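Now for the letters of each chain:
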Amino acid sequence: MALRPVQVNIKAVDASAVGRFWAEALGWSAYSPGVTTYVGPAGGLVWPDPVAVCIDVVPVPEPKTTTKNRVHLDLATTSAAHQAELVARLQDLGATPVHVGQGDVPWTVLADPEGNEFCVLEPREIYRDTGPIATVVVDCTDPRAMARFWGEATDWTLHDVTDDHASLRSAKGAGPYLEFLRTPDVKTVPDRLHLDLLPYPGDDKAAEVDRLHALGATDLDLGQGDVPWTCLTDPEGHEFCVLAPS
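Residues numbered from 1 in each chain as written. Predicted model: local features only at pLDDT ≥ 70, side-chain atom pairs only at ≥ 80, totals over all residues. Heavy atoms only, no water.

(A) How the structure looks around the sheet that holds strand 13 (residues 193-199). Spatially, 2-3-4-1-13-16-15-14 is the arrangement adopted by the eight strands of the open sheet, whose pairing is mixed. Here the strands that pair on one side only, and so sit at the sheet edges, are strand 2 (29-31) and strand 14 (218-219). Sheet analysis places strand 13 next to strand 16 (residues 239-242), joined by three bridges and oriented parallel. Bridge pairing in strand 16 places Leu 197 opposite Val 242. (Pairing = 2+ DSSP bridges. Helix = DSSP H or I, 4+ residues; strand = E, 2+ residues; numbered from the N terminus.)

Written as structure tokens, this is what we have:
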């Protein structure tokens, strides 16, 4: 048994506007099948059989705090010209430059219209075939431990692990990486972005949740009530959800 990351959940006061921003940013399409705005590759809404790690923007009443998100997206580029063009286009769409202590680096740090930080990377060979999202980055205190948990929680393959950085990617060699970056600070506020995982067809969701508990996941009560998904936290307190196959 294993779970697959299928979408990045982004909380937003104006989910439609943030969904439109990310659709334009990634060259994808925005769909509103219900209260959320789903952002995925063009061709129609494919849920519950996602063909990529997509984005689901969920409306919430609370705006983002001034605290830097501990989960963010890095966007891939193919050349210096592409990076410059993408940064300019994103700012035209409503992104703003932000400073998070990055100093003089070759990538550009921006925030979406509701302040969620993300990076536009300089061209890197490792991300040449990921699609528009190069990686989902998670700040943590122990990348090795996080890689162990997420490597066992999902069917993704470990690509690199050190005391400061760890990365995983789908065993199919497609889509973005999931990377854990060591930072000195600890988690203090709920994540504005989190991963949603989905069982494979025929797998038992309850059994998967039990397996996650055994790996160190903890139940999370957000007042969600009786819903078909299960809210959990990983060993460092990052929220994530296990979705129910439709």
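(B) Just the sheet that holds strand 8 (residues 117-120), in detail. The strand order 6-7-8-5-9-12-11-10 describes an open sheet built from eight strands, whose pairing is mixed. Looking at strand neighbours, the two that pair on one side only are strand 6 (96-97) and strand 10 (156-161), the edges of this open sheet. Of the strands in this sheet, strand 5 (71-75), strand 8 and strand 9 (133-140) touch helix 1 (residues 15-26), which is tilted by about 30° from strand 5. Those strands touched by helix 2 (residues 80-93) are strand 5, strand 6, strand 7 (108-111) and strand 8, and its axis lies near 150° from that of strand 8. (Contact = heavy atoms within 4.5 Å. Axes fitted to C-alpha atoms, helices over the stretch in contact; angles between N-to-C directions.)

(C) Representation of the packing of helix 3 (residues 143-153) against helix 4 (residues 205-215). Running from N to C, helix 3 and helix 4 cross one another at 160°; their axes reach a closest spacing of 10 Å. The pairing of helix 3 with helix 4 is recorded here as roughly antiparallel in orientation. With respect to the hand of their crossing, helix 3 and helix 4 are arranged in right-handed fashion. Together, Phe 149, Glu 152 and Ala 153 of helix 3 and Arg 211, Leu 212 and Leu 215 of helix 4 make up the contact between the two elements. A class-by-class count of the residues in the contact of helix 3 with helix 4 yields four nonpolar, no polar and two charged. (Parallel < 35°, antiparallel > 145°, perpendicular 65-115°, else oblique. Left-handed = near helix turned anticlockwise from the far one by under 90°. Nonpolar A, V, L, I, M, F, W, Y, C, P; charged D, E, K, R; others polar.)

(D) Structural view of the pattern of salt bridges. One pass over the structure, following the stated rule, counts 11 salt bridges. A salt bridge links Glu 117 to Lys 64, with the nearest nitrogen and oxygen atoms 3.2 Å apart. Note that Glu 117 is positioned in strand 8 and Lys 64 in the loop between strand 4 (54-59) and strand 5, a separation of 53 residues in sequence. For Glu 117, a relative accessible area of 10% translates into the label buried. Arg 169 is the salt-bridge partner of Asp 129, the closest N and O atoms lying 3.1 Å from each other. (Salt bridge = Lys/Arg side-chain N within 4 Å of Asp/Glu carboxyl O. Buried < 20%, exposed > 50% of the residue type's maximum accessible area, 1.4 Å probe, protein only.)

(E) Geometry of the side chain of Asn 9. Relative to the elements of secondary structure, Asn 9 occurs in strand 1 (residues 3-12). If sequence neighbours within four positions are ignored, Asn 9 has contacts with Asp 56, Val 58, Arg 192, Leu 193, His 194 and Asp 196.

(F) Focus on the packing of aromatic side chains. One pass over the full model with this rule turns up seven aromatic pairs. Note on Trp 22 and Phe 118: the rings are 5.0 Å apart at their centroids and 65° apart in plane angle, and the pair reads as edge-to-face. Here Trp 22, found in helix 1, pairs with Phe 118, found in strand 8; they are 96 residues apart in sequence, far enough to count as distant. Pair check on accessibility: Trp 22 and Phe 118 agree, each one buried. Ring geometry for Phe 149 and Trp 150: centres 5.6 Å apart, planes at 85°, overall edge-to-face. The exposure class assigned to Phe 149 is buried, which follows from its relative accessible area of 4%. (Phe/Tyr/Trp six-rings, centres within 6.5 Å; stacked < 30°, edge-to-face > 60°.)

(G) Focus on the packing of helix 1 against helix 2. Helix 2 packs onto helix 1 with a crossing angle of 160° between their chain directions and a minimal axis gap of 10 Å. As judged from the angle between their axes, helix 1 and helix 2 are roughly antiparallel. Note that helix 1 runs across helix 2; the crossing there is right-handed. Between helix 1 and helix 2, the contacting residues are Phe 21, Glu 24 and Ala 25 on the first element and Leu 86, Arg 89, Leu 90 and Leu 93 on the second. Looking at the contact of helix 1 with helix 2, its residues break down into five nonpolar, no polar and two charged.

(H) Structural view of the pairing of strand 3 (residues 37-40). The alternating pattern of strand 3 places Thr 37 and Val 39 and Tyr 38 and Gly 40 on opposite faces, both of which are buried. Summarising the sheet, strand 2 and strand 3 pair through three bridges and their orientation is antiparallel. Paired with Ser 29 across the bridge in strand 3 is Gly 40. Taking the residues between adjacent antiparallel strands as the criterion, strand 2 and strand 3 are bridged by five residues.

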